[in-house]
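Structural overview
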Amino acid sequence: MARVEHTVVVEGTDISFSVKKGETVLKAAARNKIVFPSLCNVGECGSCRCSLKKGQIRLKRDVSHQISDEQMVKGDILACQSILQSSVELHVPTLSPANSDDPEEAKKIEARIASVVPLNTDIVDLTLALKGPLTYHAGQFSLLFVPSHPVLSTEPRSYSLARGTSTESADTVQFHVRKVPGGVFTEWLFGEDRTGESVILEGPFGSFAWSEQEGKNSKVLFIAGGSGYAPVQALLEARRDTASIDATVVYGARTQADIYCADSVQKIQEQWQGSLRFVPVLSQEPEGSDWTGLRGFVHDHLQDVVEDLPGHSAYMCGPPPMIDACLGVLGECIETNNIHYDKFLDRSHISAEEVG
Ligand SMILES: Cc1cc2nc3c(=O)[nH]c(=O)nc-3n(C[C@H](O)[C@H](O)[C@H](O)COP(=O)(O)OP(=O)(O)OC[C@H]3O[C@@H](n4cnc5c(N)ncnc54)[C@H](O)[C@@H]3O)c2cc1C
Ligand code: FES
């Protein structure tokens, strides 16, 4: 049995817990029944991000996809990837008192479901009315808890904020939620009219965001699959009238009926300062239909659709297999620093071993 080596103290609280040799901070928190914000346990979602105030840790893997060098110098870490080298003090969003210097720090906000509106056969627009304002930047996501649900009261699900905001706080928020057969949250949401239900939003989380280097004359490739258009819409809305950027949105869907975002792109195009192209790619459109656009998988078309791929930055959101396949193509020609993505991981992607 591994012995207790070190202690974590949560800044500004009376919470402290023991950490065994080789254990991550997140696993130790769970063993000690401390509810840390978290989802994937594998360094992919960014929800366990916290900051090291005292002491030393070692990271199990490269987390530069979630935390920039500059943020790391300031002490930001991922609890699920941190092994203690000494006892430490951590500032943990939602546990430590709010950091008044950071209006975007994650917090819990009570909310009600204001509406659930179908966008296509398996994606809905979920609008929440918040009881307090949320400040976030385009591209981030929130965790949603359902207090009345036996599982979702303690095991939240992550959803990307679908509307663009740069600085202002929002008191309603929108999400695009795709139904996952057998999924706990989505079966609950799609099962009956949930208008008026109480939920708790925790957030914002995530580092998927416009890179500071994007500005006039930048060339940007967006890749979205299914409800992965939600954070892409937020990014586009946040910059629609401020920068002259040449953007291409490649959207992966199964059939023509699944392309729910064409109107949204068109509205943004009306204000977009540079060029904005929309390229749907359909993977299951019946042969012989009237579809004249691209067929197959998104990653197979990137080289043909985008001239000067190496001159682009890429922003991708959606199903993990789509992102992995696109990374295989883009990784060959675009610098890693210029590739940004959020994988929409669910319980089937998170192995029982890692969750344990
Ligand atoms: C950062 C981030 C942002 C996201 N944003 C969005 C978004 O904007 N829109 C969106 O639609 N989704 C988004 N997701 C995905 C979302 O969080 C949920 O995972 C998804 O909606 C499914 O939730 P669920 O509760 O319905 O399914 P879950 O209960 O998580 O189940 C998902 C699937 O896994 C299967 N499963 C459950 N347990 C296991 C197991 N132990 N082994 C194997 N299979 C299992 C289930 O049968 C089901 O088919 C995001 C995910 C992340 C990480
Ligand atoms: S729980 Fe640590 S990054 Fe997802």
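What counts, and at which threshold
Residues numbered from 1 in each chain as written. Chains lettered and ligands numbered in written order. Predicted model: local features only at pLDDT ≥ 70, side-chain atom pairs only at ≥ 80, totals over all residues. Heavy atoms only, no water. Salt bridge = Lys/Arg side-chain N within 4 Å of Asp/Glu carboxyl O. Helix = DSSP H or I, 4+ residues; strand = E, 2+ residues; numbered from the N terminus. Buried < 20%, exposed > 50% of the residue type's maximum accessible area, 1.4 Å probe, protein only. Pairing = 2+ DSSP bridges. Contact = heavy atoms within 4.5 Å. Axes fitted to C-alpha atoms, helices over the stretch in contact; angles between N-to-C directions.

Some thoughts on the pattern of salt bridges
Considering all chains together, one arrives at 16 salt bridges under this definition. With a shortest N-O distance of 3.9 Å, R61 and E44 are connected by a salt bridge. With a gap of 17 residues between them, R61 in the loop between β4 (57–59) and α2 (69–73) and E44 in the loop between α1 (25–31) and β3 (49–54) connect regions that are remote in the sequence. One salt bridge in this structure joins R194 and E197, with 3.6 Å as the shortest N-O distance. What makes R194 buried here is its relative accessible area of 11%. The class of E197 is partly exposed, set by a relative accessible area of 24%. Through salt bridges with shared partners, a single ionic network connects E44, R61, D324 and K343.

Quick notes on unusual backbone geometry
A cis amide bond, omega 5 degrees, links G203 with the succeeding residue P204. Position of P204 relative to the elements: it lies in strand β13 (residues 198–205). The backbone of N41 sits at a positive phi, close to 65 degrees, despite the residue not being glycine. Tracing the backbone shows N41 in the loop between α1 and β3. Classification of N41 as buried rests on a relative accessible area of 16%. One non-glycine residue, T94, lies in the positive phi region at around 75 degrees. As for its placement among the helices and strands, T94 is situated in the loop between β7 (88–91) and β8 (107–118).

Examining the sheet that holds strand β18 (residues 313–318)
Read from one edge of the open sheet, six strands run β17-β16-β15-β14-β18-β19, paired in parallel fashion. Unpaired on one side and paired on the other, β17 (294–295) and β19 (339–343) mark the two borders of the sheet. Relative to strand β16 (residues 276–282), strand β15 (residues 246–253) runs parallel, the two sharing seven bridges. Bridge pairing links A253 to L282 in β16. Sitting on the sheet, helix α7 (residues 320–330) touches β14 (219–225), β18 and β19, and the angle it makes with β18 is about 160 degrees.

That's the geometry; what it means functionally is another story.
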